[in-house]
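Remarks on the overall topology
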Amino acid sequence: MEKLSADVLVIGGGATGAGVAWDAALRGLDVVLVERGDLATGTSGRFHGLLHSGGRYAVKDPSAAHECARENGVVRHVAADCVEDTGGLFVATPFDDPAYADRFAAGCRKTGVPCEEIEPARALREEPRLNPGISRAFRVPDGSIEVWKLVWALARGAQDRGARVLPYHEVVAVHRGGDQVHGARVRNARTGQELDVEAAVTVSASGAWAGQIAAMAGIEGVHVKPGRGIMIAMSHRLVNTVINRCQLPTDGDIIVPIETVCVIGTTDVGTDDPDDHTIIQAEVDAMLEDGERLVPGFKQARALRVWTGVRPLFEDRKENGATDTRDVTRAHALLDHRERDGVTGFFTITGGKLTTYRLMAEETVDAVCLQLGDARPCTTSAEPLAGSEDGEYHRVGDRLGRREQRLLDDQLICECELIPRKRIEETIRWRGTTDLDDLRRLLRLGMGPCQGGFCIYRVAGILHGLDGIDTPDANAGLIDYVRERWKGVWPVLYGDQLRQARLDEWIYQGVLDVEHLQ
Amino acid sequence: MTSSLHYDAVVVGVGVAGLTAAIRLAEGGARVCVLAKGVGSTHLAPGTVDVLGYRPERVEHPAAALPEFVGAHPDHPYALIGPDAIAPALDRFAAHIERGPQPGYRYTGGLDRNHLLPTAVGAIRPSALVPETMAAGDARSSVPVCVVGMRVLRDFHASLCAGNIRRAGIPARAVEVEIDVGRVEANSLGLARRFDDESFRAAFVGRLALLLRPGERVALPAVLGLRDPHGAWSDLQRRLGRAVFEVPTLPPSAPGMRVYNALVAALRAAGGRLVLGAEVLDVEREGDRVTGVRAHTSGHDTIYHAGWIVLATGGFASGGIELGSDWAASETILGLSLQGMPRPGEARFTADYFGHQPMAGVGVAVDSSLRARETENVYVAGAALPGAVPWREGSGQGIALATGHFAAQAVLEREGAAATA
């Protein structure tokens with residue numbers, strides 16, 4: 001069996017795991033990162049894209065608010081290219097408790113969340129589709145963050161410093177000898193081949209799956225209760241600012257403009273299985289109604305797709321556990337299993353927010369270094385990621401701007417997301433992937449209004465023409481793509497989006513007849 | 001200001017169903033006006049006439065399969081009009097194409113046997129009646145295929161097409177021809193216009209001929225001309241000395257536009273009128289008769305009075321039927337009642353893309369003469385009818401032609417009866 005050895009094995013390729021890999025690699029540690037699917041396909045790839053100002057927790061969870069407020073500034077600096085500086089508003093709608101607004105303002109002051117009250121009329125001038133009945137409005141530095149760009153920038157940065165990043169490698173066993181964890185066995189999901197990774201320290205950054213990984217290491221009581229939430233992407237930006245209802249966080253109270261769409265979220269339903277992606281129609285219908293409260297006419301816009309993500313809500317169920325659950329349920333939890341369970345070489349980092357991924361990574365690698373007896377300082381708050389060196393934020397018009405400059409140089413393969421052919425071919429090369437879904441995440445391919453109606457055939461054809469895939473794989477890729485897309489489309493099919501879906505059905509089932517490929 | 005015009009019949013919708021109904025009405029002596037918001041499904045469809053392709057297994061002989069099919073699907077449009085009503089509509093369609101403005105361009109085939117033609121991914125799709133320019137692609141032939149791609153056309157990928165033709169048991173390979181159209185990308189429409197030009201074809205053949213092997217037939221994306229497709233196709237066959245066939249691909253569809261052009265010409269030749277850009281606003285009624293259609297055209301409203309209305313506005317794909325965000329569906333022009341809607345609380349769609357979708361068969365409720373149930377003089381044709389899943393059955397153009405023809409016949413019979421009474 002093939003073997004790898006490293007100082008640190010990171011299990012989990014979400015923002016936290018990629019953040020840990022980047023942090024550890026920057027400190028000169030030798031890192032292997034494994035992820036059972038593609039990077040950022042768990043919780044990180046299934047959220048609304050909010051870079052928190054901290055405002056949402058200003059009243060409910062002051063320590064989380066404070067952390068978010070601090071990390072917001074850091075992430076804006078080190079990952080500027082992944083962040084759109086949309087700004088955010090908290091608005092008191094006629095459906096909200098009017099007394100909350102003052103508590104909110106006081107909470108922001110206490111927790112260090114920058115917050116400025118503005119006239120409702122001014123908020124309405126800036127966001128004319130907002131409910132005209134708003135009575136208070138507060139400006140905060142919310143933003144939106146392109147998560148796949150972030151996670152790949154972290155991973156590629158780590159790779160440049162020697163880390164080995166292995167997507168599609170699932171942990172099948174955690175190696176434990178006595179009171180020591182010394183790595184894991186992983187299986188390549190595509191080839192079935194297994195591989196042993198030996199590491200001085202293993203970090204489980206597996207979020208909602210942390211309990212499963214801990215159990216593999218023979219550690220009890222790491223209980224991560226997955227909280228399932230749905231999000232719906234609308235076909236364009238109904239708002240250009242993150243809009244929050246000024247009330248205690250609840251269902252359907254936030255709209256995040258991200259790239260060419262805006263996303264409304266979310267719900268919170270306890271589930272036992274982090275891989276539970278059930279979409280409940282009643283939740284979808286309620287979410288669309290919630291949209292109406294913030295933006296009247298919300299339901300007239302096209303709903304593109306709905307998806308679910310699971311929050312990792314950590315609860316320590318170890319008897320006499322060293323960790324006080326009341327502190328960690330809402331923020332993140334770092335478990336040093338030497339302290340907690342007498343098992344050295346193993347850490348669990350879970351909970352938290354995408355906004356605080358860097359802080360979570362810093363604390364984790366600090367603890368790792370301490371256990372290795374080799375204190376090295378963290379530099380991630382000063383070191384910009386590749387592409388963010390100039391500190392310029394991503395702007396939603398950037399793709400169009402680039403396209404206008406090179407209008408006649410290259411074919412446009414995905415019109416919705418303005419993706420030219422050369423960019424697709426380059427991405428296929430550097431990523432070494434032939435998977436349409438990998439390309440979707442990296443390029444936003446097929447994520448626009450037509451949901452892949454035209455571009456997916458084109459890209460399958462391009463991949464095949466580059467000898468990237470043989471015919472059976474191209475067929476399977478196409479069919480899997482249209483099937484998977486449908487899973488997020490059918491619960492929100494109404495109005496013009498149903499019309500669009502019918503056109504896609506005519507193309508894929510009628511004109512191309514992909515169902516009857518042999 | 002509202003002006004007012006009088007016709008015997010107004011047809012709403014300019015897809016195959018609407019045009020077929022209008023031509024039949026005009027040929028039957030009625031004064032007909034077709035109103036349409038824009039061009040319809042012709043420009044999106046592959047241009048083949050698919051009558052019955054899957055039930056759900058592949059259908060080789062539609063005429064033989066239809067009686068059993070309508071028995072099993074009593075709500076299907078074919079069941080309403082009877083399978084015997086299909087052939088005459090196909091015959092008339094073929095005649096209209098032959099007499100059309102594209103000299104020599106014709107369709108081939110019929111209900112006896114489906115052609116089995118490769119799609120742009122190389123799947124083998126059954127079609128009853130097809131343009132002569134596609135017929136040589138039939139998968140029953142074992143003649144090797146050379147699929148020709150052009151980089152400039154991002155909507156056709158020769159290697160994938162050839163790969164799947166090979167998997168269907170036919171020797172096939174792909175080549176790419178570099179052609180200069182003065183820009184990096186073109187769609188099917190732009191290329192089809194180029195192929196109307198003889199010097200362009202000569203240059204194309206100059207490059208392609210070197211790449212071909214003896215004994216191969218040549219597959220090209222369906223871009224072989226718009227004005228004179230027969231001329232373009234024949235010229236390529238002659239110059240290359242071998243069979244050439246077109247493979248339909250993503251919209252816009254050149255073969256579909258040829259259908260549109262031919263049917264509009266037939267309508268005009270029969271004395272019918274077409275008003276494009278006419279958005280229907282509302283209708284005038286007397287009791288259960290619709291006596292006029294008010295439409296907005298280029299800055300003013302016109303009431304089109306008529307004794308008969310044919311509704312050929314299509315289903316959800318064309319906007320003839322809409323599903324609101326409150327999950328209520330409606331027929332958009334007359335508010336006619338619908339059939340096949342899932343009941344409240346029942347699933348509208350299901351998670352399996354290729355599985356049964358409850359909403360798929362929604363359409364306007366009609367009687368066996370295709371008359372909308374709650375009206376005296378409104379007939380319905382095409383994708384607005386309930387009971388079919390045309391993109392899965394491979395029945396779209398068959399339903400459009402047959403029901404368009406049938407609805408017009410029904411009107412003419414009643415008009416005749418009224419005249420003799």
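Residues numbered from 1 in each chain as written. Chains lettered and ligands numbered in written order. Predicted model: local features only at pLDDT ≥ 70, side-chain atom pairs only at ≥ 80, totals over all residues.

Thoughts on the domain arrangement of chain A
Residue and element names in this part refer to chain A. Selection rule: These domain boundaries are the output of an automatic or database domain assignment. Our contact criterion uses C-beta atoms placed from the backbone: two residues qualify when those atoms are within 7 Å.
When the domains of chain A are assigned, the result is domain 1 (2–43 + 148–224 + 312–372), domain 2 (84–142 + 226–309) and domain 3 (398–516). Inter-centroid distance (C-alpha atoms) of domain 1 to domain 2 is 32 Å. Every contact between the two is made by 6 residues of domain 1 and, on the other side, 4 residues of domain 2.

So, the pairing of strand β13 (residues 289–297) of chain B
Residue and element names in this part refer to chain B. Going by this rule: By this definition, two strands are paired if DSSP reports at least two bridges between them. To qualify as a helix, a DSSP run of H or I must reach at least 4 residues; to qualify as a strand, a run of E must reach at least 2; elements of each kind are numbered from the N terminus.
Across 7 bridges, strand β12 (residues 279–286) lies against β13 in antiparallel orientation. Paired with E279 across the bridge in β13 is H296. Sheet topology places β13 next to strand β14 (residues 300–311); 6 bridges connect them, and they run antiparallel. Bridging from a neighbouring strand, H296 pairs with D301 of β14. Joining the antiparallel neighbours β13 and β14 is a turn of 2 residues, in which S298 adopts a positive phi near 30°.

Remarks on the sheet that holds strand β7 (residues 145–150) of chain B
All names here are of chain B. Operational definition: With axes taken as lines fitted to C-alpha atoms, and helix axes fitted only over the stretch in contact, angles between N-to-C directions fall between 0 and 180 degrees.
If you trace the 4 strands from one edge of the open sheet to the other, you get β8-β7-β9-β10, paired in parallel fashion. Every interior strand has two partners, whereas the edge strands, β8 (172–177) and β10 (244–247), have only one. Between one strand axis and the next, the sheet turns through 30° on average, direction left out of account. Strand direction decides the pairing type here: β7 and strand β9 (residues 217–221), joined by 3 bridges, are parallel. What sits directly across from V147, in β9, is A219.

What to know about the sheet that holds strand β3 (residues 50–51) of chain A
All names here are of chain A. Strand order across the open sheet formed by 3 strands is β3-β8-β4, with antiparallel pairing between neighbours. Each end of this open sheet is capped by a strand with a single partner; those strands are β3 and β4 (83–84). Across 2 bridges, β4 lies against strand β8 (residues 143–145) in antiparallel orientation. Bridge pairing in β8 places E84 opposite S144.

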